[in-house]
Amino acid sequence: MPPPADIVKVAIEWPGAFPKLMEIDQKKPLSAIIKEVCDGWSLTNHEYYALQHADSTNFYITEKNRNEIKNGAILRLTTSPAQTSLQLHERIQSSSMDAKLEALKDLASYSRDITFAQEFINLDGISLLTQMVESGTDFGDMLSFTLTAFVELMDHGIVSWDTFSVAFIKKIAGYVSKFPTDIAILQRSLAILESMVLNSHDLYQKVAQEITIGQLIPHLQGADQEIQTYTIAVINALFLKAPDDRRQEMANILAQKQLRAIILQYVIRAQRAINNEMAHQLYVLQVLTFNLLEDRMMTKMDPQDQAQRDIIFELRRIAFDAESEPNNSGGNVEKRKSMYTRDYKKLGFINHVNPAMDFTQTPPGMLALDNMLYFAKHQQDAYIRIVLENSSREDKHECPFGRSSIELTKMLCDILKVGELPSETCNDFHPMFFTHDRSFEEFFCICIQLLNKTWKEMRATSEDFNKVMQVVKEQIMRALTTKPSSLDQFKSKLQNLSYAEILKIRQSERMNQEDFQSRPILELKEKIQPEILELIKQQRLNRLVEGTCFRKLNSRRRQDKFWYCRLSPNHKVLHYGDLEESPQGEVPHDSLQDKLPVADIKAVVTGKDCPHMKEKGAKQNKEVLELAFSILYDSNGQLNFIAPDKHEYCVWTDGLNALLGKDMMSELTRNDLDTLLSMEIKLRLLDLENIQIPDAPPPIPKEPSNYDFVYDCN
């Protein structure tokens, strides 16, 4: 008799019959179980049948996923994937339009299951769908479901994207360029174009020939955020896969078409919230735009290039208004060299004799010189004021404009990660960079004036240069975290982050992290820490009870597929299930059909130890790796997660460890513990404000020589 752990009690449905209650032995082959079920209903040819979860949408039970069957599950007997795919293959070729439409609807639904998809593809189903599209005879819902089925089938990665014809690409591109277009058809066509560009170099070339930026722009001016998202995704894909020698050309086209202004007006400043997928696409576009600076950032200045040297001459001319210079007669050569050296020193270059040598380090290379010239030309008064102001200070207190600009440009490139590929999961876009065509240069102009202001506030000398740069970086980073909506707002944020304010913030943070280290305070911390940890534990468990929507990521393209997981209020069961779309609030327990008893959980693993991080090359993606965790349970079962962000990752790993009686080890727990401990200690020590607490208790005094000091009331 098999052990109880291998037996699962289920109910199995069959149309027109009463459900059958039976015990499934998980050690027996699935085909034998299906035969047993068929025999119970006197059904022959059991190989034509398969099992599905009754509450799922056409997902088959296979040898790989059978361990997900739980006690009390309701299954249904249905036709096998091979039979279903054969039937649908015939039905979608029906001469009856109504029958064909129903078949395509079923195909779009069934194609989400990889077992069915493999069978349908084996029947050359992809070719049949592409021929239907190329024929151009289907419209409306018929075409929409055809494209939906195609997208779902291709999402499994079974068929290479390189196999599609130019005729098919032309048709898909035609659905995008034709405006207005049916929303469903447009959305799926954009998704197909994005996948083609990202997954095939040859298809990129063909798609780039068929679709223009001008044809994509109108889709950004509509009210449908999903269409806007897919449109920006296609633009990003074309941008990302463009050869190096064509990226600047494409950037110029985007500028001509006013893409930035259109996104600002119709997406960023539209009266609606920006969802995560849109935020990601805007972040990708931001990164790709700034990456255009990489070439200049990695280009060294050629001291022999007269055109490059003329830029330095122009900086000098604007600063000192040196329009009437001595002529080039031989007698004035030494005088002119001396004057140039003096002026280059005032401009703050390290090499006073040949400032071109300052721009031979990469990064920031020629990009620093570009920024300096932009500042000098577009904010001439501020430029002249900074140069003259510092040239009149004592040598040791002058803020060297040249050296500062070079180091600041290098810092800004580091902050904005110029030259790095965009992350697959990051949503960190900054609205202010979409408010100006030369946003990086304008960003520099604001920051170089901040640097000069901070230098004065710190009363810095040349020895303090690195300290000033550290403070400036902190000011910029703190201002950026507030996500200012415009460059002017960013400038205002910096005004409120003076050096004095930074010192206050640092002192406050240092008190939270380092103060209260005396022995009495440490003992108090030790006493109240268990209470704080219990509070954090309850918060984590309450968040698990609320639940979280998790996105299903795909290595080939981002897609809007979701599933939801939440803990039961009694902390005994995890409820989870697939969703058609991202929920607006909590998802009720009864709508999540799958269950996992907490008692069955054996372990929680993270990162590269997760089973799903050992597949499909996911371990090569650092961002996804840092958000991945898995629950391992009985019978080699696993529940795999990719958290939407680092905060949710910490909440779930902490909560799951708390359920298992293990320590909560996340960075979020450490930060919460430090914050709550600090607050609690400050509250308990309110009466001791401004009283210094000694590091050690006072010494016990010596005993007195006698005890005759007792007061006599008589």
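Refer to the preceding data block for the structure.
Conventions adopted
- Residues numbered from 1 in each chain as written.
- Predicted model: local features only at pLDDT ≥ 70, side-chain atom pairs only at ≥ 80, totals over all residues.
- Heavy atoms only, no water.
- Helix = DSSP H or I, 4+ residues; strand = E, 2+ residues; numbered from the N terminus.
- Rg over C-alpha atoms; globule rule 2.2 N^0.38 Å.
- Buried < 20%, exposed > 50% of the residue type's maximum accessible area, 1.4 Å probe, protein only.
- Contact = heavy atoms within 4.5 Å.
- Areas by Shrake-Rupley, 256 points an atom, 1.4 Å probe, with all protein chains shown as cover.
- Phe/Tyr/Trp six-rings, centres within 6.5 Å; stacked < 30°, edge-to-face > 60°.
- Lys NZ or Arg CZ within 6 Å of the ring centre and 35° of its normal.
- Expected span 1.5 Å × (residues − 1).

The next subject is the overall build of the protein chain. Regarding its fold elements, the protein chain presents 28 helices and 11 strands. Relative to the 2.2 N^0.38 estimate, which gives 27 Å for 714 residues, the radius of gyration of the protein chain is 34 Å and therefore markedly larger than a compact globule would have. Across its three principal axes, the protein chain shows a C-alpha extent of roughly 110 × 110 × 40 Å. Relative to its 714 residues, the protein chain shows a buried fraction of 46%. Partitioning the intrachain contacts of the protein chain with sequence separation of at least 6 by distance along the chain shows that 66% fall at a separation of at least 24. Carbon together with sulfur atoms contributes 50% to the accessible area of the protein chain, which is approximately 36,600 Å² in total.

So, on to the packing of aromatic side chains. Scanning all chains against the criterion turns up 32 aromatic pairs. Taking 5.3 Å as the distance between ring centres and 65° as the angle between the ring planes, the aromatic pair formed by tyrosine 383 and phenylalanine 401 counts as edge-to-face. Of the two residues, tyrosine 383 is situated in helix α19 (residues 380-391) and phenylalanine 401 in helix α20 (residues 401-415); the sequence distance between them amounts to 18 residues. Taking the relative accessible area as the measure of exposure, tyrosine 383 reaches 0% and is therefore buried. You can call phenylalanine 401 buried: its relative accessible area is 3%. The interplanar angle of 35° and the centroid separation of 5.7 Å between the aromatic rings of phenylalanine 641 and tryptophan 652 together place this pair among those described as tilted. Pair noted here: phenylalanine 641 is in strand β11 (residues 637-642) and tryptophan 652 is in helix α27 (residues 646-659), with a separation of 11 residues, a long-range link. For tryptophan 652, a relative accessible area of 0% puts it in the buried group. Pairwise contacts between aromatic rings join Phe550, Trp563, Tyr576, Phe629, Phe641, Tyr649 and Trp652 into one cluster. The ring of tryptophan 41 has lysine 20 lying over it, and the distance from NZ or CZ to the ring centre is 4.9 Å.

Glancing now at helix α22 (residues 465-481). Between its first and last C-alpha atoms α22 spans 25 Å; for 17 residues at 1.5 Å apiece the expected length is 24 Å, and the two agree. All buried positions along α22 are accounted for by Phe465, Val468, Met469, Val471, Val472, Glu474, Gln475, Ile476, Ala479 and Leu480. Positive phi appears at lysine 483, one or two residues downstream of α22, with a value of about 50°.

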